[in-house]
Amino acid sequence: MSVVALVPAAGRGLRLGEQIPKAFVELGGRTMLARAVDGLRKSGAVDRVVVIVPPELLGSVKADLGRSHDVDVVAGGAERTDSVRAGLEAAGDAEFVLVHDAARALTPPAMIARVVAELKAGSAAVIPVLPVTDTIKSVDVLGMVTGTPLRSELRAVQTPQGFSTQVLREAYDAGDLAATDDASLVERLGVSVQTIAGEAHAFKITTPLDLVLARALLDADS
Ligand code: C5P
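Parameters at a glance
- Residues numbered from 1 in each chain as written.
- Predicted model: local features only at pLDDT ≥ 70, side-chain atom pairs only at ≥ 80, totals over all residues.
- Heavy atoms only, no water.
- UniProt positions renumbered as here; feature names shortened; annotations may be inferred.
- Salt bridge = Lys/Arg side-chain N within 4 Å of Asp/Glu carboxyl O.
- Buried < 20%, exposed > 50% of the residue type's maximum accessible area, 1.4 Å probe, protein only.
- Helix = DSSP H or I, 4+ residues; strand = E, 2+ residues; numbered from the N terminus.
- Near = heavy atom within 4 Å.
- Polar contact = N/O pair within 3.5 Å; in protein donor to acceptor, adjacent residues only side chain to side chain.
- Areas by Shrake-Rupley, 256 points an atom, 1.4 Å probe, with all protein chains shown as cover.
- Contact = heavy atoms within 4.5 Å.
- Axes fitted to C-alpha atoms, helices over the stretch in contact; angles between N-to-C directions.
- Parallel < 35°, antiparallel > 145°, perpendicular 65-115°, else oblique.
- Left-handed = near helix turned anticlockwise from the far one by under 90°.
- Nonpolar A, V, L, I, M, F, W, Y, C, P; charged D, E, K, R; others polar.

As annotated in an unreviewed UniProt entry, the protein carries the name 2-C-methyl-D-erythritol 4-phosphate cytidylyltransferase and is attributed to Rhodococcus globerulus. Recorded in UniProt under Pathway (unreviewed entry), the annotation for the protein is "Isoprenoid biosynthesis; isopentenyl diphosphate biosynthesis via DXP pathway; isopentenyl diphosphate from 1-deoxy-D-xylulose 5-phosphate: step 2/6." A UniProt comment under Sequence similarities (unreviewed entry) is attached to the protein, and it reads "Belongs to the IspD/TarI cytidylyltransferase family. IspD subfamily."

See below:
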């Protein structure tokens, strides 16, 4: 029952305000991408990692992370889903696939192992989630509130998201790829998605403030 983890890292990450693609920003002397790959390996639950990078960085990442026997590096596309599709093509005959996010560089390995355990226990799709602390409103284009979903029923979704490889490939073959996570594509097929407890440290490093927090957490650990 082999498990391949896909790490899409081909985005520009403009919200972080850095000049280089987000996954290649350094945290404590190592790129977010290298740390995300490390976490997947340390989980002990992943057999192979496929890293998906901007085409112009293919050579340099191959020469670095790609030297490891259990890491493959492929070129990504214009949209996140194009990059995940490229990773799925490189996943071969893996039974399960995880889709992680290079920006969740500090994800605890134990949480990754829990996602895989739930897949092996029989779930076709598994996502780590946290309760939401803010009240969330929907708004229209003019900024007027159109609704207030019940907070107790909302969850913030993290990665890695785990899938039966066959199910995720079916979801990608179904066509409509407009979505901000992979589980949404699988939900459209009518497949049940199992949630498990996420972790605060698996937060997505998206804004300059997130970067300050990530660096402070690393300093506190060293
Ligand atoms: O833009 P967002 O933060 O949702 O991106 C999530 C992940 O998808 C990031 O790790 C980013 O590098 C990756 N991505 C990608 N290819 C794209 C766009 C985003 O691999 N074209």
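Read on for the rest.
*Asks:* Outline the pattern of salt bridges, supporting the account with residue identities and numerical values.
*Replies:* One pass over the structure, following the stated rule, counts 9 salt bridges. Residue Arg30 is joined to Asp38 by a salt bridge in which the shortest nitrogen-to-oxygen separation is 3.4 Å. Relative accessible area serves as the criterion here: at 32%, Arg30 is assigned to the partly exposed category. Judged by relative accessible area, Asp38 falls into the partly exposed class, the value being 21%. In this structure, Lys204 engages Asp101 in a salt bridge whose closest nitrogen and oxygen atoms are separated by 4.0 Å. With Lys204 in the loop between β12 (194-197) and α7 (208-221) and Asp101 in the loop between β6 (96-99) and α4 (109-120), this residue pair connects regions lying 103 residues apart in the sequence.

*Asks:* Kindly report on the site of the ligand, identifying the contributing residues and their values.
*Replies:* Around the ligand, 14 residues are found, and the nearest of them are Pro8, Ala10, Gly77, Ser83 and Asp101. In the environment of the ligand, an oxygen atom lies 3.2 Å from a nitrogen or oxygen atom belonging to the side chain of Lys204. The fraction of the free accessible surface of the ligand (460 Å²) that becomes covered by protein chains is 82%.

*Asks:* Requested: an account of the UniProt feature "site: Positions MEP for the nucleophilic attack" (unreviewed entry) in the protein, with residues and values cited.
*Replies:* The positions that UniProt labels "site: Positions MEP for the nucleophilic attack" (unreviewed entry) are, in the present scheme, Arg151 and Lys204. With respect to the helices and strands, the residue Arg151 is situated in the loop between β9 (145-147) and β10 (155-157). When sequence neighbours within four positions are dropped, the list of residues in contact with Arg151 reads Val132, Thr133, Asp134 and Thr135. Once you skip the residues sitting within four places of it in the chain, Lys204 turns out to touch Lys22, Asp101, Ala103, Arg104 and Asp210.

*Asks:* Run through the UniProt feature "site: Transition state stabilizer" (unreviewed entry) in the protein, naming residues and quoting values.
*Replies:* Per the UniProt record, the feature "site: Transition state stabilizer" (unreviewed entry) sits at Arg15 and Lys22. Inspection of the secondary structure puts Lys22 in the loop between β1 (3-8) and β2 (26-27).

*Asks:* Quick one: what's the story with the packing of helix α3 (residues 80-89) against helix α5 (residues 165-173), residue by residue and with numbers?
*Replies:* The geometry of α3 relative to α5 is characterised by a closest axis approach of 11 Å and an angle of 135° between their N-to-C directions. With respect to each other, α3 and α5 are oriented oblique. Regarding α3 and α5, the two cross each other, and that crossing is left-handed. Between α3 and α5, the residues in contact are Arg80, Thr81, Val84, Arg85 and Leu88 and Thr165, Leu168, Arg169, Tyr172 and Asp173, respectively. Taken together, the residues of the contact of α3 with α5 sort by class into 4 nonpolar, 2 polar and 4 charged.

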